[in-house]
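In case you want the letters, here they are:
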Amino acid sequence: MDLKYSAQHESFRKEVRAFLSAHASRFPKPFGVNRPTPEALAWQALLMEHGYAARTIPKEYGGFGAEGDILESRIIAEEFSRARAPWGLVNQGISMLVPTLLEMGSDEQKQRWIAPTLRGEVIWCQGYSEPGAGSDLASLTTRAVDDGPDFIINGQKIWTTTAHGADMMFALVKTESNAPNKYLGISYLILSMKTPGIEIRPLKTMTDASEFNEVFFKDVRVPKSQLVGERGQGWSVSNATLKHERGMLGDPDASMARMNSILELMRNERIDGECVIDMPVFRQRAMRLQARVMAMRYHGMRLISANASGEDNLLARLIVKLQTCELNYQLSALAVDVMGELGLLLPDSAEVRSHGTWPRRNMFDIGMIIGGGTAQIQKNIIAERGLGLPREPKLALGLTKE
Ligand SMILES: Cc1cc2nc3c(=O)[nH]c(=O)nc-3n(C[C@H](O)[C@H](O)[C@H](O)COP(=O)(O)OP(=O)(O)OC[C@H]3O[C@@H](n4cnc5c(N)ncnc54)[C@H](O)[C@@H]3O)c2cc1C
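In this text, all values refer to a predicted model and were calculated from it rather than measured experimentally.

## A few points about the domain arrangement of the protein
Phase 1: When cut into domains, the protein gives domain 1 (7–89), domain 2 (124–232) and domain 3 (249–401).
Phase 2: Taken over C-alpha atoms, the centre of domain 1 sits 32 Å from the centre of domain 2.

## Some points on the site of the ligand
Phase 1: Surveying the vicinity of the ligand reveals 20 residues, the closest of which are Gly134, Ser135, Gly367, Gly371 and Thr374.
Phase 2: Looking at the shell around the ligand, the elements that each hand over two or more residues are strand S1 (124–127), helix H10 (357–370) and helix H11 (375–386).
Phase 3: Along the lines of polarity and charge, the residues of the shell around the ligand split into six nonpolar, 13 polar and one charged.
Phase 4: Counting residues domain by domain, the shell around the ligand receives three or more from each of domain 2 (124–232) and domain 3 (249–401).

## Quick look at the nonpolar core
What tends to happen in soluble globular proteins is that the nonpolar side chains get buried as a cluster.
Phase 1: By size, the foremost hydrophobic cluster in this structure holds 54 residues, and its most contacted members are Ile114, Leu118, Trp124, Met169 and Leu189.
Phase 2: The element that contributes the greatest number of residues to this core is strand S4 (residues 168–174), accounting for six residues.
Phase 3: The residues that make up this core include at least three from each of domain 1 (7–89) and domain 2 (124–232).
Phase 4: By size, the runner-up hydrophobic cluster in this structure holds 19 residues, among which are Ala286, Leu331, Ala335 and Val336.

Conventions and cut-offs
Residues numbered from 1 in each chain as written. Predicted model: local features only at pLDDT ≥ 70, side-chain atom pairs only at ≥ 80, totals over all residues. Domains from an automatic or database assignment. Near = placed C-beta within 6 Å. Helix = DSSP H or I, 4+ residues; strand = E, 2+ residues; numbered from the N terminus. Nonpolar A, V, L, I, M, F, W, Y, C, P; charged D, E, K, R; others polar. Core = buried A, V, L, I, M, F, W, Y, C linked by C-beta atoms within 7 Å. Buried ≥ 20, exposed ≤ 12 C-beta atoms within 10 Å, placed from the backbone.

Here it is, written out as structure tokens:
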């Protein structure tokens, strides 16, 4: 592993640093899972103009069109983390749909959807999970029946994050009733959330917000031109999307930024007059987590190094989502504890600390261990694909369903 950057890369780092210090007053405030605020959209536009967002997306689709240079991307991530600058928009459209369309979309789909999605003008939701199909996603039953130029969809999705605020959905539906196995009967469709026959019902979570929804389809008509990839090949299209989702959920720089905020919190908070950062129990807990954050960061560099030399380290890639999501949960749990009982207060309380963001984040982080594939499923994948252990017996799967 070579950790040194070239002079050219160091000069690029200076450029990024100068950009961030010149525009610090334009950093937008967090907007959670709501639609991006006007400030966030303006920040996104500025980042795209300078190539700090949509960097390697071709110009013809609204991106910056830079050559993929993994070390430059790394430097951008490090500098944004150091300056605690907000990233460009991170949402399901940008992180999951755009790479999928680039890989598998038709030219018309790329032209129509990528640029407005990157600018944050079109918000997407992911319609995969169903009441009887989460970990075993291929068992989904929402059906799309062939009707001339259209498909007609009937069924239900669940846990659809931001469906209530989304313009569009990318969805998995069953189109082939005679497929030889459940994986080959699925197609990947994109559709407007305004299409007649779609009903969205919010699901309230323990964060007191309704980030999730149930989405019901009753005779929803979608043109066949909105199929991504081949009919019946939606499983492989969806795997491309999931690969990007898992990447989105495992960012060591975001964990490092979080760690740094917690250390600052520990310097500011006191318990019985003593500064938290001087208390051995908290110090030890923070140092353990800091070591894990550093390990994930160097793990990320190891992946970059392997990638640059053309090696594929499957096992090393597979552990990222599992490790980072669990680590983030433990980090936000530490932040809550550092603030003592006041750390549990939500924003509407007079005594609230840190605007009440940490307890909400902590509750949300539990969900992140589940979303995009649960920790148990990730461990199965690591065992089977990464370590080459025997596959999970199909009989056991059948029994758990009954
Ligand atoms: C924060 C969050 C956001 C989400 N956003 C979306 C979204 O936008 N769109 C969308 O489509 N879905 C979304 N989901 C749904 C998510 O993908 C599913 O919750 C997840 O895949 C698990 O499915 P399930 O909830 O049906 O649980 P189940 O699959 O029923 O699993 C229940 C439990 O059994 C375990 N289990 C199941 N099978 C196995 C096995 N073979 N081996 C070992 N253990 C097993 C699981 O790990 C879990 O602990 C989101 C979920 C969360 C928490």
